[in-house]
Amino acid sequence: MGFNIGQSIIHPSHGAGKIVAFQEKELVKGFQRYYVIEFIHNRLTVHVPVRRIDQTGVRPVMPVALISGVFETLETHPLDLPDEFRVRRNAIEKQIHSGYPNQVAAAVRDLAWREDSKYLTEADKEALFEARTLLITELALALEQSWELTERSVDDAIARAIRDRLEAEARALEEEERISTDWPFPVAMHAEMSEAAD
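Within any chain, residue numbers begin from 1 and follow the written order of that chain's sequence. Local features in this predicted model are restricted to residues of pLDDT 70 or higher, and side-chain atom pairs are both shown and tallied only at a pLDDT of 80 or more, whereas totals for entire chains, interfaces and linings draw on every residue. Processing note: side-chain calculations cover all non-hydrogen atoms of the structure and skip hydrogens and water entirely.

1. Observations regarding the packing of helix α1 (residues 67-75) against helix α4 (residues 122-143)
Fitted lines through C-alpha atoms give the axes, limited to the stretch in contact for helices. The angle between two N-to-C directions lies from 0 to 180 degrees. By the criteria applied, helices consist of DSSP H or I runs no shorter than four residues and strands consist of E runs no shorter than two, each listed in order from the N terminus. With their axes 11 Å apart at the nearest point, α1 and α4 run at an angle of 145 degrees to one another. Of the two elements, α1 crosses α4, and the hand of that crossing is left-handed. When α1 is examined against α4, the residues Ile-67, Val-70, Phe-71 and Leu-74 are found in contact with a partner set consisting of Leu-135, Leu-139, Ala-142 and Leu-143. Partitioned by chemical class, the residues of the contact of α1 with α4 number eight nonpolar, no polar and no charged. Each crossing gets its handedness from the near helix: less than a right angle anticlockwise from the far helix is left-handed, clockwise is right-handed. Contacts between residues were defined by any pair of non-hydrogen atoms, one from each residue, lying within 4.5 Å. Basically, the charged four are Asp, Glu, Lys and Arg, the nonpolar ten are Ala, Val, Leu, Ile, Met, Phe, Trp, Tyr, Cys and Pro, and anything else, Gly included, counts as polar.

2. Notes on helix α2 (residues 85-96)
By definition here, a helix of n residues has an expected span of 1.5 Å times n minus one. Taking 1.5 Å of rise per residue, the 12 residues of α2 would be expected to cover 16 Å, and the 16 Å separating its terminal C-alpha atoms lies within 8% of that figure. Exposure is judged per residue with a 1.4 Å probe applied to protein chains only, and the accessible area is read against the type maximum: over 50% gives exposed, under 20% gives buried, and values in between give partly exposed. Buried within α2 we find Arg-88, Ile-92, Gln-95 and Ile-96. With its buried residues spanning 95 degrees around the axis, α2 presents them on a single face. More than 90 degrees from the buried face of α2, the exposed residues found are Arg-86 and Lys-94. On its buried face, α2 is in contact with α3 (101-117) and α4. Of the residues flanking the start of α2, the one acting as N-cap is Glu-84, its side-chain oxygen 3.2 Å from the backbone nitrogen of Arg-86. Directions drawn from the helix axis to the C-beta atoms are what define this arc. The term polar contact refers here to a pair of N or O atoms within 3.5 Å; inside protein, the definition further demands a hydrogen-donor-capable atom paired with an acceptor-capable atom, and it admits residues adjacent in sequence only when both atoms are side-chain atoms.

3. Structural notes on the packing of aromatic side chains
Only Phe, Tyr and Trp rings take part, Trp by its six-membered ring, and two of them pair if their centres are within 6.5 Å. Stacked means planes under 30 degrees apart, edge-to-face means over 60, and tilted covers everything else. Taken as a whole and assessed by the stated rule, the structure comprises two aromatic pairs. Ring geometry for Phe-22 versus Tyr-35: centroids 5.2 Å apart, planes at 45 degrees, classification tilted. Highlighted residues: Phe-22 in strand β2 (residues 15-27) and Tyr-35 in strand β3 (residues 30-39), separated in sequence by 13 residues. A relative accessible area of 30% places Phe-22 in the partly exposed class. Tyr-35 sits in the buried class, given a relative accessible area of 3%. Following the ring pairs from residue to residue traces out a cluster consisting of Phe-3, Phe-22 and Tyr-35. Should the NZ of a Lys or the CZ of an Arg lie within 6 Å of a ring centre and within 35 degrees of the ring normal, that charge is described as sitting over the ring. Across from the ring centre of Phe-22, 4.2 Å away, lies the NZ or CZ of Arg-33, which sits over that ring. The lysine or arginine in question, Arg-114, covers the ring of Tyr-119, its NZ or CZ lying 5.6 Å from the ring centre.

Below you can see the structure in the form of structure tokens.
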């Protein structure tokens with residue numbers, strides 16, 4: 001896949017950037033051409049070999065058609081992340097650096113749920129910050145709108161997901177309590193009927 005100077009791209013580790021130049025470097029095996037990519041949010045410049053661009057996972061900004069799917073992921077009931085730190089960290093890292101917007105959105109949603117329902121370690125907080133930055137930056141580019149407006153939309157979607165899960169859990173608890181309260185009566189009535197029959 002080829003990119004043009006001035007084109008916005010997404011790097012799986014660094015997020016949204018822009019192709020600012022081509023550069024040739026002389027190596028032992030001859031000259032090699034590089035994309036020069038600038039990442040505005042972390043003030044980083046990366047040189048990626050043109051012939052290895054696909055292997056690095058660099059891709060165009062998501063098309064508009066995929067945006068609704070990302071917000072659907074954000075609004076889906078959050079999942080419980082593993083309590084064991086290393087297992088949780090590995091799972092989240094894979095999602096964040098997968099290069100897939102839906103995976104990044106799931107990481108943001110589930111970390112936000114853990115923050116709301118339990119707590120986040122410092123490493124979890126860093127992961128949430130990184131995932132949010134990657135996701136909001138790409139959505140803002142795809143939607144062609146400001147960071148602030150996009151951030152508000154993402155936060156609103158996550159708030160709905162958390163609220164829906166809390167409401168679902170409250171309903172389940174009420175149902176469980178109702179069943180446990182109702183349970184003895186049919187048994188008692190059955191015993192009374194048996195005694196009357198005798």
